[in-house]
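# Per-entry structural report
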Amino acid sequence: MLLSQFEISLIILVLILIIFLIIKKIKIKKLISTRDILLQEKEVTLGFVQNVGEVFADSETVEMNLLLERVLHYAVRTCKAGSGAIYLINNQKNTLSARAISGVFPPLFEIESDLLKDSKNFSEKLKEILINHPIEIGETVIGEVAIQGHALHIEDAEMDVRIPQLSIDFLRIRSLLLVPMRFGNDVIGVMVLANRTGHSRFALSDLNLAQALAAQASVPIHYADIQETIEQKRQLDRDMQIAQQIQNSLLPQKLPEIKNIELAAFNHPALDIGGDYYDVIDIDDKHVGLVIADVSGKGIGGALMMAVCRSVLQSKAKNEYDPASMLISLNEVLSDNLAEDMFISMLYMVLNTKTNLLSYARAGHEAPLILHRDTKKIDKYETNGIAIGLVDTSTFSSTIETKNIQLKSGDLVVTYTDGITEAMNTHGDEWGIEELTNTIIKNHQGSAMKLLDKIENNVLEFAGNTAQHDDMTMLAINII
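Residues numbered from 1 in each chain as written. Predicted model: local features only at pLDDT ≥ 70, side-chain atom pairs only at ≥ 80, totals over all residues. Heavy atoms only, no water.

## As for helix α2 (residues 64-78)
Between its first and last C-alpha atoms α2 spans 21 Å; for 15 residues at 1.5 Å apiece the expected length is 21 Å, and the two agree. Residues of α2 that are buried include every one of Met64, Leu67, Leu68, Val71, Leu72, Tyr74, Ala75, Val76 and Thr78, and no others. At the exit of α2 stands lysine 80, carrying a positive phi of roughly 55°. (Helix = DSSP H or I, 4+ residues; strand = E, 2+ residues; numbered from the N terminus. Expected span 1.5 Å × (residues − 1). Buried < 20%, exposed > 50% of the residue type's maximum accessible area, 1.4 Å probe, protein only.)

## Describing the packing of helix α11 (residues 432-443) against helix α12 (residues 448-463)
Where α11 contacts α12, the axes come no closer than 10 Å and their chain directions differ by 140°. Accordingly, the angle class assigned to the pair α11 and α12 is oblique. Our pair here, α11 against α12, has a crossing hand that is right-handed. For the pair α11 and α12, contact is made by Leu436, Thr439, Ile440 and Asn443 and by Leu451, Lys454, Ile455 and Asn458, respectively. Residue classes in the contact of α11 with α12 are distributed as 4 nonpolar, 3 polar and 1 charged. (Axes fitted to C-alpha atoms, helices over the stretch in contact; angles between N-to-C directions. Parallel < 35°, antiparallel > 145°, perpendicular 65-115°, else oblique. Left-handed = near helix turned anticlockwise from the far one by under 90°. Contact = heavy atoms within 4.5 Å. Nonpolar A, V, L, I, M, F, W, Y, C, P; charged D, E, K, R; others polar.)

## Observations concerning the nonpolar core
Formed by 53 residues in total, the largest nonpolar core has its most connected members in Leu327, Ile344, Met346, Tyr348, Ile388 and Ile477. Of all the secondary structure elements, the ones that give two or more residues to this core are β7 (261-268), β8 (276-284), β9 (287-295), α7 (299-316), α8 (323-334), β10 (344-352), β11 (357-363) and β16 (472-479). Looking at which element gives the most residues to this core, the answer is β10, with 7 residues. Counting residues in hydrophobic clusters, the runner-up holds 31 residues, among them Ala98, Ile142, Leu166 and Leu171. (Core = buried A, V, L, I, M, F, W, Y, C linked by side-chain atoms within 4.5 Å.)

## Section: the environment of leucine 371
Along the chain, leucine 371 falls in strand β12 (residues 369-371). Each C-alpha atom of the pair leucine 371 and leucine 407 lies 9.7 Å from the other, and the pair is 36 residues apart in sequence.

## Notes on the sheet that holds strand β3 (residues 135-136)
Within a sheet, neighbouring strands are paired by backbone hydrogen bonds and run either parallel or antiparallel to one another. The strand order across the open sheet formed by 6 strands is β3-β2-β1-β6-β5-β4, and the pairing between neighbours is antiparallel. Here the strands that pair on one side only, and so sit at the sheet edges, are β3 and β4 (152-154). Looking at chain direction, strand β1 (residues 81-89) and strand β6 (residues 186-196) are connected through 7 bridges and run antiparallel. By the bridge assignment, leucine 88 is partnered in β6 with glycine 189. Those strands touched by helix α4 (residues 122-131) are β1 and β2 (95-102), and its axis lies near 155° from that of β2. (Pairing = 2+ DSSP bridges.)

## Structural notes on the confidence of the model for the protein chain
Mean pLDDT over the protein chain works out to 86, with 90% of the residues at or above the 70 mark. When mean pLDDT is taken per element in the protein chain, strand β15 (residues 412-416) scores highest with 98 and helix α1 (residues 5-56) scores lowest with 68. Every residue in residues 55-59 is under pLDDT 50, and counting partners more than four places away or in other chains gives 7 contacts. (pLDDT = per-residue confidence, 0-100.)

## Side note on helix α5 (residues 140-148)
Within α5, burial applies to Val141, Ile142, Gly143, Glu144, Val145 and Ala146. Where the residues of α5 are buried, they touch β1, β2, β3, β4, β5 (176-183) and β6. Trailing α5 by a residue or two, glycine 149 shows a phi angle of about 75°, which is positive.

## Regarding the pairing of β15
Burial analysis of β15 places 5 of its 5 residues in the buried class, which makes it a mostly covered element. Burial along β15 is two-sided: the residues Leu412, Val414 and Tyr416 and Val413 and Thr415 are all buried. With 3 bridges joining them, β12 and β15 adopt antiparallel strand pairing. If you follow leucine 371 over to β15, its bridge partner there is leucine 412. The pairing of β15 with β16 spans 5 bridges and is antiparallel. Counted as the bridge partner of tyrosine 416 is methionine 474 from β16.

In structure tokens:
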């Protein structure tokens, strides 16, 4: 029986309606699936924020490693990754270092497989290799993501020539997610997830989730890094304060009182800890040793070497009346222990407090300025000598010499480090030896301490607001 035109139209209409309903149902299912994914990502993100927030709770300081490990653990678990790593950019912004590793993370750079095969503790050895191998910005896919700032989703890593594949089967890389971690416009690191579990590949939804987690994690990581830097600065300040106290204790707390002889000194370090040193050493009942020195390098290194100098001088000064021999002994002890770029310039003097005979030797240091009462002129008697730590004992011994000067009542001896004469003003001009000698000639009539105060004030006034670039130290002897 043939269908009427109306019946055919009705059937077509019903079919169209059925198809429409099927399409509508499919769209609804997709929307529900998308909604569920978004809800899942929302729940994951909120849960992640809460989880990371626990690191900050009830704590004045944040342990960066703990924060990174928690962030990475959450990302690996949520994205169902087999392993992962977080690389952070260093302060110089030229390399990335692995700061957190989860699972057996395969290296994304070439290594010798034998390094791992021969290892007794495989996972620890692999972790050590990863942590100790910084990645240059722009190198490997990690460095590429860091410099470009875009996420990278590698579904089939085995077909990607950028991904190294090790001969060890369970370290082969099948799929990768690399997500930049940003604070503002700056990339601060890269989160890497490798090999989705179940031998499946990472999907776009995994990438979106990883990006959401990385975005949430970047802010606390940035501030934790700042807090870590501040804490390191605090610790360094504490160490510097302790070192400064130790150094201050090494300088004479009070200069000895000697009949008919006035001693004066000051030390004005450029930093909290300086490399200049002066001392007065009791040799015997009629001889004192006087030393002024400048250790190359400032800060803790210079202070430590200053302490070593003092110890050696104090131990060897007894019954040693020849300054050159004293400096030879010092060079012999210290030369092998000084760093390649470190040396010590030193002036060592022995004063006979009964006869006022002054003997001195210079190890690359400025010669003393001696103002004689008779002439009212300043003499500067240069002698041979090389700084301690620059040459071997034989060369040092053959170069250095002792100079003897007979001082009289009214004579004045002034010694200094080059921070005095090389002090600069805002125009880059140096104070200079001429200004120093003129100041001594104009102000030598008073006490030695007043003279040094005058010199220090003149130098600081000359420098003005210019930052002091070198330590300033002076030691003076006034024969009364």
